[in-house]
Amino acid sequence: MIHLQIMAPSDRTARVLEVLDGSSSATNVVVLRGGRRPKGDVVFPDVAREEASDVISDLRDLGIERDGSIRVGQAETEISRFVAGAELAAPPGWNSLAGMSTTVMKLVVIR
């Protein structure tokens, strides 16, 4: 699983949550309202590797990296039936190949 920390301007938080709701693998979604710098809301989801690039692309389409931030990290160990279900729900993709997802994530974020 990929752990995201999204700092979204408050006027786009609902759209960020729509992106996550549209992902079959997003789970453990937490929203903290009232971030200070930059101003906005923080959203913490976990997303299966296979869908992470698509989710990040959708967030970038909303301008989140421009007006807020997207932090990407690897969930080292996660024990949950929800996580197992989210990973199974993710469609298989080319970036699920061993060793490819880390490279893909760096390219998407840095671009």
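Rules used in this analysis
- Residues numbered from 1 in each chain as written.
- Predicted model: local features only at pLDDT ≥ 70, side-chain atom pairs only at ≥ 80, totals over all residues.
- Heavy atoms only, no water.
- Pairing = 2+ DSSP bridges.
- Helix = DSSP H or I, 4+ residues; strand = E, 2+ residues; numbered from the N terminus.
- Axes fitted to C-alpha atoms, helices over the stretch in contact; angles between N-to-C directions.
- Buried < 20%, exposed > 50% of the residue type's maximum accessible area, 1.4 Å probe, protein only.
- Lys, Arg positive; Asp, Glu negative; His and termini not counted.
- Salt bridge = Lys/Arg side-chain N within 4 Å of Asp/Glu carboxyl O.
- Polar contact = N/O pair within 3.5 Å; in protein donor to acceptor, adjacent residues only side chain to side chain.

Draft legend 1. How the structure looks around the sheet that holds strand E1 (residues 2-8). Taken in spatial order, the four strands of this open sheet run E2-E3-E1-E4, and their pairing is antiparallel. Two strands lie at the open edges of the sheet, namely strand E2 (27-36) and strand E4 (69-74), each paired on one side alone. When the angles between neighbouring strand axes are averaged without regard to direction, this sheet yields 15°. Note that E1 and strand E3 (residues 39-47) share five bridges and pair antiparallel. Paired with Ile2 across the bridge in E3 is Val47.

Draft legend 2. Inspection of the side chain of Glu51 at higher detail. Mapping Glu51 onto the fold places it in helix H2 (residues 49-61). Buried and without a salt bridge, Glu51 has Arg49 as its closest oppositely charged side chain, separated by 12 Å. A polar side-chain atom of Glu51 sits 2.8 Å from a polar atom in the side chain of Ser23.

Nothing here speaks to function; it is geometry throughout.
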